[in-house]
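Each chain is listed here by its residues.
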Amino acid sequence: CLLSRGLGDVYKRQVTDSPKLYLKLSAVLERSNKIDEALDVVDKAVKLNPEMPEAYHKKAMIYFMSNQIDEALEAIDKALELRPDFANAMATKSEILQSKGDMEQAKEVAKAGIEINPKIPFLYFALCKLQKFTKDDPYLQKMIDLIDGADQFGRMQAVALHYSLFKALEDTGDYDQAFEHLKRGADLKRANSVYDIAAEMHAFSEIKKSYTKERVDE
């Protein structure tokens, strides 16, 4: 009993002393739309390790998803200050800059990230919204080169790669291949989405019953 209690105390200390676990918890809270709680948890990670760029990156992503753009930009700049070659953070910064309408800087940041690490699909996803592609575009070729190993990046990165290729190939007029990548990306995304069409139809039916013309008129 004493041994199990001691191991339990050690486990608790590991949890409360681990910034990485706080970041995982923040992701769960964010998906539950508990934004303030998610940010509080990220701040705990930052307090434990103020030099951890991943914590500021996570903070920027939470701010961005909750439409707090200036705060997101401040956090992502801190992440890149701590690690200038943080290519994933560059993809996030490009998206944030696009939301502010700063398209030229967003393009520069995405291209700089690709120069650092050309194997991150999110960078191409950011870039594909900022330029029109031609058949001899070197960035198109870089994306094509990644396709065979797309699964290694994780599902959402693979989705981003297929959607990026859809946009690029549509630009070049290769519509059959473009649609193929659109479908592959959509199939991957659908497999990761929890959606019950029967439950959705039931919800619509209940809304119709509740909000009759007479009730709306009232």
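Residues numbered from 1 in each chain as written. Predicted model: local features only at pLDDT ≥ 70, side-chain atom pairs only at ≥ 80, totals over all residues. Heavy atoms only, no water.

On to the overall build of the protein chain, then. Along the backbone of the protein chain there are 13 helices and zero strands. Computed over the C-alpha atoms, the radius of gyration of the protein chain is 22 Å, more than 25% above the 17 Å expected from 2.2 N^0.38 for a compact globule of 218 residues. By its C-alpha atoms, the protein chain is 70 × 60 × 35 Å across when sized along the principal axes. Looking at the protein chain as a whole, 37% of its 218 residues are labelled buried. In the protein chain, 52% of the contacts between residues at least 6 apart in sequence involve partners at least 24 apart. Here the protein chain has roughly 13600 Å² of accessible surface; of this, 53% comes from carbon and sulfur atoms. Of note, the protein chain has its 32 positive side-chain charges centred 5 Å away from the centre of its 37 negative side-chain charges. (Helix = DSSP H or I, 4+ residues; strand = E, 2+ residues; numbered from the N terminus. Rg over C-alpha atoms; globule rule 2.2 N^0.38 Å. Buried < 20%, exposed > 50% of the residue type's maximum accessible area, 1.4 Å probe, protein only. Contact = heavy atoms within 4.5 Å. Areas by Shrake-Rupley, 256 points an atom, 1.4 Å probe, with all protein chains shown as cover. Lys, Arg positive; Asp, Glu negative; His and termini not counted. Charge placed at Lys NZ, Arg CZ, Asp CG, Glu CD.)

Moving on, we get to the nonpolar core. Membership of the largest hydrophobic core comes to 54 residues, with the highest contact counts inside it found for Leu123, Phe133, Leu140, Met143, Leu161 and Leu165. The contact partners of Leu165, leaving out residues within four places of it in the chain, are Leu140, Met143, Ile144, Ile147 and His181. (Core = buried A, V, L, I, M, F, W, Y, C linked by side-chain atoms within 4.5 Å.)

By the secondary structure assignment, Gln131 is in the loop between α8 (121-128) and α9 (138-146). Relative accessible area serves as the criterion here: at 13%, Gln131 is assigned to the buried category. For Gln131, the residues in contact, after removing those within four places along its chain, are Lys107, Lys111, Asp137, Tyr139, Lys167 and Asp171.

Here the focus is unusual backbone geometry. Phi is positive for Asn33, close to 65°, though the residue is something other than glycine. With respect to the secondary-structure elements, Asn33 resides in the loop between α2 (19-31) and α3 (35-48). Under the relative-accessibility criterion, Asn33 is labelled exposed at 62%. Unlike most non-glycine residues, Asn67 shows phi in positive territory, near 65°. Of the residues examined, Asn67 reaches a relative accessible area of 61% and is grouped as exposed.

Tracing the backbone shows Ser164 in helix α10 (residues 155-172). Not counting chain neighbours up to four residues away, the residues in contact with Ser164 comprise Pro121, Tyr124, Phe125, Cys128 and Met143.

Moving on: a nonpolar patch on the surface. Side chains of Tyr195, Ile197, Met201, Phe204, Ile207, Tyr211 and Val216 sit close together on the surface and give an oily, nonpolar patch of about 770 Å² of accessible area. Broken down by element, the nonpolar patch gets its largest block of residues, four residues, from helix α12 (residues 197-210). Within the fold, Tyr211 resides in the loop between α12 and α13 (213-217). In this structure Tyr211 comes out as exposed when scored by relative accessible area, which is 52%. (Patch = residues over 30% accessible without salt bridge, like charges linked within 9 Å, V, L, I, M, F, W, Y side chains within 5 Å. Salt bridge = Lys/Arg side-chain N within 4 Å of Asp/Glu carboxyl O.)

Looking now at the packing of helix α6 (residues 87-99) against α8. Axis separation between α6 and α8 bottoms out at 8 Å; the angle between their running directions is 20°. One finds that α6 runs roughly parallel with respect to α8. When the axes of α6 and α8 are compared, the crossing they make is left-handed. On the side of α6, the interface is formed by Ala87, Asn88, Met90, Ala91, Ser94, Glu95 and Gln98, while α8 contributes Phe122, Leu123, Phe125 and Ala126. A breakdown of the residues in the contact of α6 with α8 according to their chemical character gives seven nonpolar, three polar and one charged. (Axes fitted to C-alpha atoms, helices over the stretch in contact; angles between N-to-C directions. Parallel < 35°, antiparallel > 145°, perpendicular 65-115°, else oblique. Left-handed = near helix turned anticlockwise from the far one by under 90°. Nonpolar A, V, L, I, M, F, W, Y, C, P; charged D, E, K, R; others polar.)

Right, let's get into the pattern of salt bridges. Once their charged atoms are close, side chains differing in charge can pair, the charge on each being opposite to the other. The tally for this structure, following the rule as stated, stands at 12 salt bridges. When the shortest N-O distance is used, the salt bridge between Glu30 and Lys58 registers 3.9 Å. Of this pair, Glu30 sits in helix α2 while Lys58 sits in helix α4 (residues 53-65); the two residues are 28 residues apart in sequence, bridging distant segments of the chain. The two residues Glu30 and Lys58 agree in class, both being buried. Between Asp171 and Lys132 there is a salt bridge, and its shortest N-O distance comes to 3.9 Å. Note that Asp171 is positioned in helix α10 and Lys132 in the loop between α8 and α9, a separation of 39 residues in sequence. The class of Lys132 is exposed, set by a relative accessible area of 63%. What emerges from the salt-bridge pattern is a single network uniting Lys132, Lys167 and Asp171.

Geometric values such as these leave the question of function open.
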